[in-house]
Amino acid sequence: MSPHLLSVDTLSRDYIDHLLHVAKRMEPIAQRRKITRVLEGAVLGNLFFEASTRTRISFNAAFCRLGGTVCDTTGFTFSSMAKGESLYDTSRVIGGYVDAIVMRHPDQGSVAEFASATNVPVINGGDGPGEHPSQALLDFYTINKEFTRLGKPLAGAHILMTGDLKYGRTVHSLIKLLARYEPMHITLVAPPGLEMPVELIELVASHGHRIEQRDSLDESFEPIDVVYATRIQKERFTDEMLESVSGFTPTFNVGRHFLNSRCTPQTIVMHPLPRDSRPGANDLNVDLNGDPRLAIFRQTDNGIPVRMAIFATLLGVDHLIEKDMRDVGWKTPTRVGVDDADF
Ligand code: NCD
């Protein structure tokens, strides 16, 4: 198996199932009840050439919680790429300094090109509109965890993905990952011009899933188990698109009104975040804050155990995690967010 995590395409179902199991074992550490030091002495290189809050910080925190330390760089301005250095040279250089690398870059395929120059494990933290495999793994972990809580099977689930399905790399990786599992009903709702790429729809359909495509949320739907909303990726639009594609109309607003009129009390709402909360953005509405169906912060919390599991499996310490587990010595809040749901 390749030492890298570049695309969902290269993940076997056995690996995914094992990873979810390892992530579950990481929960006591992620919840700050236990400590482990299995990566003591290891160093991560976190290279982010595109905006990021949760991916960069959660990869960083996940590595630290395994006992490792992190070096990072953000943006092109302060890196040698601004002096014309190639991905190949940067990769070989950084590979000589660290034990694992996470990279985010605006160009599709760039992280794979970078990874081809090193045997040190490279994780794709997002390559332009391409893929974001660790996000898909944490999204899938979240769906499984929420379904277990709700007593629902994955087979036959109705998953509605909405927003910018053309440039949203998280939905590209997630739909490929879901395609590997038992047949589901997947409804894709995108503004005209921002539909899911045809090759991905064909791939999912070829695995026996039922796919529906719509261009508005203002319609009736069969009972929905998961609403997965995404942000319009305006930064990836061509000049032509900036003129012709208007973004979200108010009918794309996933908020209390949509949930109460089109969903059930057991629907969960996910979003990779960030949500655009500026007036007129019509992204996932803040009026859902405090609603237990809003799973977005449980989803971001899951980023830690899943990313810890990714490091532990890629670096071969997944069998050692419990060996030196200890209780934490400091005080932690029982609930992280003031609006966190009570189950
Ligand atoms: C997303 C990304 O960068 O692809 N965020 C994330 O990593 N959780 C989604 C986005 O930017 O809209």
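Everything numeric here is computed off the predicted structure, so don't read it as measured data.

A. Spatial organisation of the overall build of the protein. When helices and strands are counted, the protein shows 10 helices and 11 strands. Here the C-alpha atoms of the protein give a radius of gyration of 20 Å, agreeing with the 20 Å that 2.2 N^0.38 yields for 343 residues. Taking the principal axes of the C-alpha coordinates as reference, the protein spans close to 55 × 50 × 40 Å. When contacts within the protein are restricted to residue pairs at least 6 apart in sequence, long-range pairs at least 24 apart make up 79% of them. Working note: accessible area of the protein is about 15200 Å², and carbon and sulfur atoms make up 52% of it. In the protein, the 36 positive side-chain charges and the 43 negative ones have mean positions that sit 7 Å from each other.

B. Structural detail: the domain arrangement of the protein. What the domain assignment lists for the protein is domain 1 (8-130 + 303-327) and domain 2 (134-297). The centre of domain 1, based on its C-alpha atoms, is set 26 Å off from the matching centre of domain 2. Facing 28 residues of domain 1, the contacting portion of domain 2 comprises 22 residues. Both faces combined, the contact of domain 1 with domain 2 buries some 2100 Å², and carbon together with sulfur accounts for 54% of it. Sorting the residues of domain 1 by area buried against domain 2 places Val8, Arg13 and Arg54 first, and these three jointly supply 27% of that buried surface. Here domain 1 is connected to domain 2 by five salt bridges.

C. How the structure looks around the site of the ligand. For the ligand, the full set of nearby residues is Arg54, Thr55, Arg104, His132, Gln135, Arg169, Thr170, Arg231, Gln233, Pro272, Leu273 and Pro274. Measuring from a nitrogen atom of the ligand, one finds a backbone N or O atom of Pro272 at 3.0 Å. Within the contact set of the ligand, a nitrogen atom lies 2.8 Å away from a backbone nitrogen or oxygen of Leu273. When the free accessible area of the ligand is taken as 320 Å², the share hidden by the protein chains comes to 94%. Elements represented by at least two residues in the shell around the ligand include exactly α2 (54-65) and α6 (169-179). In terms of residue class, the shell around the ligand is made up of three nonpolar, five polar and four charged. For the shell around the ligand, the domains that each give at least three residues are domain 1 (8-130 + 303-327) and domain 2 (134-297).

D. Layout of α2. For α2, spanning 12 residues, the distance from its first C-alpha to its last is 16 Å, which sits close to the expected 16 Å at 1.5 Å a residue. At its buried positions, α2 is contacted by β2 (43-48), β3 (69-74), β4 (100-105), β5 (122-127), α5 (133-150) and α10 (296-314).

E. Highlighting the nonpolar core. Counting residues in each nonpolar core, the largest one holds 67 residues, and the members touching the most others are Leu137, Met161, Met196 and Phe311. Sort the elements by how many residues they give to this core and helix α1 (residues 13-30) lands first, with nine residues. Summarising the domain contributions, this core has at least three residues from each of domain 1 (8-130 + 303-327) and domain 2 (134-297). What Met196 contacts, discounting residues up to four positions off in sequence, is Met161, Leu165, Lys166, Val171, His172, Ile175, Leu188 and Ile201. The next biggest cluster of nonpolar side chains, apart from the first, holds 25 residues, and it includes Val189, Leu259, Cys263 and Val269.

F. Spatial organisation of the packing of α1 against α5. Relative orientation of the contacting elements α1 and α5 amounts to 70°, with a least axis distance of 11 Å. Judged by the inter-axis angle, α1 sits roughly perpendicular to α5. Touching Ile16, Leu19, Leu20, Ala23, Lys24 and Glu27 of α1 are Leu137, Phe140, Tyr141, Asn144 and Lys145, all from α5. Tallied by class, residues from the contact of α1 with α5 come to seven nonpolar, one polar and three charged.

G. Quick peek at the pairing of β2. Most of β2 sits inside the fold, with six of its six residues counted as buried. Residues Val43, Gly45 and Leu47 of β2 are buried on one face, and the alternating residues Leu44, Asn46 and Phe48, pointing to the opposite face, are buried as well. Pairing geometry for β2 and β3, over six bridges, is parallel. Counterpart to Val43 in the pairing with β3 is Thr69. Between the parallel elements β2 and β3, the chain passes through α2 in a crossover that is right-handed. Of the pairings in the sheet, the one linking β2 to β4 comprises five bridges and is parallel in character. Considered in β4, the bridge of Leu44 is made with Ala100.

About the criteria used
- Residues numbered from 1 in each chain as written.
- Predicted model: local features only at pLDDT ≥ 70, side-chain atom pairs only at ≥ 80, totals over all residues.
- Heavy atoms only, no water.
- Helix = DSSP H or I, 4+ residues; strand = E, 2+ residues; numbered from the N terminus.
- Rg over C-alpha atoms; globule rule 2.2 N^0.38 Å.
- Contact = heavy atoms within 4.5 Å.
- Areas by Shrake-Rupley, 256 points an atom, 1.4 Å probe, with all protein chains shown as cover.
- Lys, Arg positive; Asp, Glu negative; His and termini not counted.
- Charge placed at Lys NZ, Arg CZ, Asp CG, Glu CD.
- Domains from an automatic or database assignment.
- Buried area = accessible area lost by both parts, 1.4 Å probe.
- Salt bridge = Lys/Arg side-chain N within 4 Å of Asp/Glu carboxyl O.
- Near = heavy atom within 4 Å.
- Polar contact = N/O pair within 3.5 Å; in protein donor to acceptor, adjacent residues only side chain to side chain.
- Nonpolar A, V, L, I, M, F, W, Y, C, P; charged D, E, K, R; others polar.
- Expected span 1.5 Å × (residues − 1).
- Core = buried A, V, L, I, M, F, W, Y, C linked by side-chain atoms within 4.5 Å.
- Buried < 20%, exposed > 50% of the residue type's maximum accessible area, 1.4 Å probe, protein only.
- Axes fitted to C-alpha atoms, helices over the stretch in contact; angles between N-to-C directions.
- Parallel < 35°, antiparallel > 145°, perpendicular 65-115°, else oblique.
- Pairing = 2+ DSSP bridges.
- Right-handed = clockwise from strand over helix to strand, strands pointing away.

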